[in-house]
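Structure assessment
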Amino acid sequence: MTGALAPIKPLTALDRCDRCGAQAYIRATLPVGGELLFCAHHGRQHVTVLRDKGAEIQDESARLSESPASAPEDER
């Protein structure tokens with residue numbers, strides 16, 4: 001083991017919140033191993049405590065406010 005961090009994989013629509021089953025936008029990697037996935041709502045509730053306990057937080061909740069790309073002209 002080199003001590004290098006593994007590349008962070010982006011969250012997808014298949015990643016689901018461990019609390020409610022909605023699409024996950026936040027991943028908390030725990031210092032003891034394992035990870036927790038949260039929707040933006042539940043992530044906001046738990047991320048501060050998890051970070052204080054040493055978890056690494058990957059927060060992709062900004063994607064919720066992005067504008068979707070326009071469909072090509074032939075798909076409208």
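Nothing here was measured: the structure is a model prediction, and the numbers come from that model. (Residues numbered from 1 in each chain as written. Predicted model: local features only at pLDDT ≥ 70, side-chain atom pairs only at ≥ 80, totals over all residues. Heavy atoms only, no water.)

Let's shift gears to the overall build of the protein chain. Counting its regular elements, the protein chain contains 1 helix and 3 strands. Ordered by position from N to C terminus, the α and β elements of the protein chain give β-β-α-β. Each of the 76 residues in the protein chain was classed as buried or not, and the buried ones make up 25%. Taking the intrachain contacts of the protein chain between residues at least 6 apart in sequence as the baseline, contacts between residues at least 24 apart amount to 33%. Accessible surface for the protein chain amounts to roughly 5800 Å². Of this, 54% is attributable to carbon and sulfur atoms. (Helix = DSSP H or I, 4+ residues; strand = E, 2+ residues; numbered from the N terminus. Buried < 20%, exposed > 50% of the residue type's maximum accessible area, 1.4 Å probe, protein only. Contact = heavy atoms within 4.5 Å. Areas by Shrake-Rupley, 256 points an atom, 1.4 Å probe, with all protein chains shown as cover.)

What follows is about the pattern of salt bridges. Considering all chains together, one arrives at 2 salt bridges under this definition. Note that Glu35 is salt-bridged to Arg27, the shortest N-O span being 3.1 Å. The residue Glu60 makes a salt bridge to Arg63 at a minimum N-O spacing of 2.4 Å. (Salt bridge = Lys/Arg side-chain N within 4 Å of Asp/Glu carboxyl O.)

Now for the environment of Leu14. Mapping Leu14 onto the fold places it in the segment before strand E1 (26-29). The sequence separation of Leu14 and Ala24 amounts to 10 residues, and the corresponding C-alpha distance is 8.3 Å.

Turning our eyes to something else, we now look at the nonpolar core. By size, the foremost hydrophobic cluster in this structure holds 7 residues: Cys17, Ile26, Ala28, Phe38, Cys39, Leu50 and Ala55. In this view, Cys17 contacts Ala22, Gln23, Ala24, Leu37, Phe38, Cys39 and His42; residues no more than four positions away in its chain are not counted. (Core = buried A, V, L, I, M, F, W, Y, C linked by side-chain atoms within 4.5 Å.)

It is worth spelling out the pairing of strand E2 (residues 35-38) at this point. In the sheet, E1 pairs with E2 via 4 bridges, with the strands oriented antiparallel. What sits directly across from Thr29, in E2, is Glu35. (Pairing = 2+ DSSP bridges.)

Further remarks concern helix H1 (residues 40-52). Taking 1.5 Å as the rise per residue, H1 with 13 residues should run 18 Å; its terminal C-alpha atoms sit 18 Å apart, in good agreement. Most pronounced at His46, the bend in H1 amounts to some 50 degrees. Where H1 is concerned, the buried positions are Ala40, His42, Gly43, Val47 and Leu50. Buried residues along H1 sit against E1, E2 and strand E3 (56-59). (Expected span 1.5 Å × (residues − 1). Bend = angle between axes of the 7 residues up to and from the residue.)

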